[in-house]
Amino acid sequence: MTTIVAQTGEEGTVSPYALSHLDSLESEAVHIFREVAGEFERPVILFSGGKDSIVMLHLALKAFSPAVIPFSLLHVDTGHNFPEVLEYRDRVVAEHGLRLHVASVQDYIDRGALKERPDGTRNPLQTLPLTEKIQSEKFDAVFGGGRRDEEKARAKERVFSLRDEFSQWDPRRQRPELWNLYNGRHAPGEHVRVFPLSNWTELDVWQYIAREGIELPEIYFAHERDVFQRGGMWLTAGEWGGPKDGETVEKRLVRYRTVGDMSCTGAVDSDAVTLDDVIAEIAASRLTERGATRADDKLSEAAMEDRKREGYF
């Protein structure tokens, strides 16, 4: 429900019609979903079971309620996903009667189209399965949960981000978006990546989750887990190649600020077991969740931008 708050102007006048900060963000996102529904023929929502995609799906459900959302979902499965997140993904899809497309990195490895990396991480291998699934299904708009506060390459993105016929991103082709007017024009074979959460922060996301009572995978809250340290991060042991010699597994009280491939997503020490605890922890943090816990973003200074140019989220 929309919250109306009174605001006092410079001359002491009161406006009873101002939206709260979260309501303004929600309204913008709902507008974006409806714009895409009106402009495009085959949109799809990237849905991994992570918190940003969960909030994005919640907003889409709100935007078209009581009707079903006019989009299917797409997940690029690395084969190294956290089991808790996959269980949540499948449960939500079944609960809302949604259609889920899965592009499997393992399938591409099995047929020789992709090769395992020496470091074991599969996050950079998601690009080919993603782009080929977009092309084969003829998706013309792809919703992603990227936010500008996460990482500097994502800060360059427009809400509507044009991709060429090879799914590649060219920052020089970014279009102006004045007065919340979005240009979805694209040539045959091209598509548009759409980011409804562009103007949200990590703290906004968590405050919205608390306000809306959105259920999340338990991995986002403090729990005891067997982890080992690599590159200054606590990683989960698994078949992907960890731990190596000299890396000791220990049980620690941790939680995840973001979830992706197990090989490159680190946990943080935390005793935050409630939403209020998490919000207080995020408010005190000086590092974004990707900067603190994603090894794939530390491969180089421009790692994310390089992947985006190739067709990554």
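Being a predicted model, the structure only gives us computed values, none of them experimental.

Cut-offs applied
- Residues numbered from 1 in each chain as written.
- Predicted model: local features only at pLDDT ≥ 70, side-chain atom pairs only at ≥ 80, totals over all residues.
- Heavy atoms only, no water.
- Pairing = 2+ DSSP bridges.
- Helix = DSSP H or I, 4+ residues; strand = E, 2+ residues; numbered from the N terminus.
- Right-handed = clockwise from strand over helix to strand, strands pointing away.
- Salt bridge = Lys/Arg side-chain N within 4 Å of Asp/Glu carboxyl O.
- Buried < 20%, exposed > 50% of the residue type's maximum accessible area, 1.4 Å probe, protein only.
- pLDDT = per-residue confidence, 0-100.
- Axes fitted to C-alpha atoms, helices over the stretch in contact; angles between N-to-C directions.
- Contact = heavy atoms within 4.5 Å.
- Core = buried A, V, L, I, M, F, W, Y, C linked by side-chain atoms within 4.5 Å.
- Domains from an automatic or database assignment.
- Polar contact = N/O pair within 3.5 Å; in protein donor to acceptor, adjacent residues only side chain to side chain.
- Parallel < 35°, antiparallel > 145°, perpendicular 65-115°, else oblique.
- Left-handed = near helix turned anticlockwise from the far one by under 90°.

### A short note on the pairing of strand E5 (residues 100-104)
In step 1: As paired elements, strand E4 (residues 72-77) and E5 share five bridges and run parallel to each other. Of the residues in E5, the one forming a bridge with Val76 is Ala103.
In step 2: Tracing the backbone out of E4, into helix H3 (residues 83-96) and back to the parallel element E5 gives a crossover that is right-handed.

### So, the sheet that holds strand E10 (residues 233-236)
In step 1: Judged by pairing direction, the sheet is antiparallel, and its four strands sit side by side in the order E10-E9-E11-E12 without closing on themselves. Either end of the sheet is taken by a strand with one partner, and the two such strands are E10 and strand E12 (268-269).

### What about the pattern of salt bridges?
In step 1: All chains considered together, the criterion is met by 25 salt bridges.
In step 2: Glu116 is the partner of Arg122 in a salt bridge, and the nearest nitrogen-oxygen pair spans 2.4 Å.
In step 3: For Glu116, a relative accessible area of 38% gives the class partly exposed.
In step 4: One salt bridge connects Arg252 with Glu250, and the closest N-O pair in it is separated by 3.0 Å.

### Here's the deal with the pairing of strand E3 (residues 43-46)
In step 1: Burial of the side chains of E3 extends over both faces: Pro43 and Ile45 are buried on one face and Val44 and Leu46 on the other.
In step 2: Relative to strand E6 (residues 141-143), E3 is paired through three bridges, and the arrangement is parallel. Residue pairing for E6: Ile45 is matched across the bridge by Phe143.
In step 3: Bridge count for E3 against E4 is three bridges, and the pairing is parallel. Considered in E4, the bridge of Ile45 is made with Leu73.
In step 4: Since E3 and E4 lie parallel, the crossover through helix H2 (residues 51-64) that links them has a hand, and here it is right-handed.

### A look at the confidence of the model for the chain
One rule of thumb: low pLDDT means the predicted coordinates there are not for detailed reading.
In step 1: Mean pLDDT over the chain works out to 88, with 86% of the residues at or above the 70 mark.
In step 2: Model confidence for the chain, summarised as mean pLDDT per element, is weakest for strand E1 (residues 4-8) at 51 and strongest for E3 at 98.

### Let's talk about the sheet that holds E4
In step 1: With mixed pairing, the six strands of this open sheet are ordered in space as E5-E4-E3-E6-E8-E7. The open sheet has two edge strands, E5 and strand E7 (160-163), and neither has a second partner. Here the strands of the sheet are splayed against their neighbours by 30 degrees on average, with no regard to which way each runs.
In step 2: Across the face of the sheet, H3 comes into contact with E4 and E5 while running at roughly 150 degrees to E5.
In step 3: Packing against the sheet, helix H5 (residues 127-137) makes contact with E3, E4, E5, E6 and strand E8 (191-194), and its axis sits at approximately 135 degrees to E5.

### Things to note about unusual backbone geometry
In step 1: For the bond from Ser65 to Pro66, the omega torsion is 5 degrees, close enough to zero to count as cis.
In step 2: Despite not being glycine, Trp179 has its phi angle at roughly 55 degrees, a positive value.
In step 3: With respect to the helices and strands, Trp179 occurs in the loop between E7 and E8.

### As for the nonpolar core
In step 1: Ranked by internal contacts, the top residues of the largest apolar core, which has 61 residues, are Phe33, Ile45, Val55, Phe160 and Trp206.
In step 2: Two domains each donate at least three residues to this core, and these are domain 1 (21-203) and domain 2 (218-304).
In step 3: Each residue touching Trp206, except ones within four places of it in the same chain, is listed here: Lys51, Leu216, Tyr220, Phe221, Arg255, Leu275, Val278, Ile279 and Ile282.
In step 4: With 14 residues, the next largest nonpolar core counts Val44, Leu125, Leu130 and Phe139 among its residues.

### Looking at the environment of Ser53
In step 1: Mapped onto the elements of the fold, Ser53 is located in helix H2.
In step 2: Sequence spacing of Ser53 and Leu197 is 144 residues, and the spatial spacing of their C-alpha atoms is 9.5 Å.
In step 3: Each residue touching Ser53, except ones within four places of it in the same chain, is listed here: Leu46, Phe47 and Ser48.
In step 4: Polar side-chain contacts of Ser53 include one of 3.4 Å to the backbone nitrogen of Ser48.

### A look at the packing of helix H7 (residues 202-212) against helix H8 (residues 275-284)
In step 1: Between H7 and H8, the least distance of the axes is 10 Å, while the angle of their chain directions is 165 degrees. Between H7 and H8, the angle falls in the class roughly antiparallel. As for how H7 packs across H8, the hand of that crossing is left-handed. Residues Glu202, Leu203, Trp206, Gln207, Ile209 and Ala210 of H7 lie in contact with H8, whose contacting residues are Leu275, Val278, Ile279, Ile282 and Ala283.

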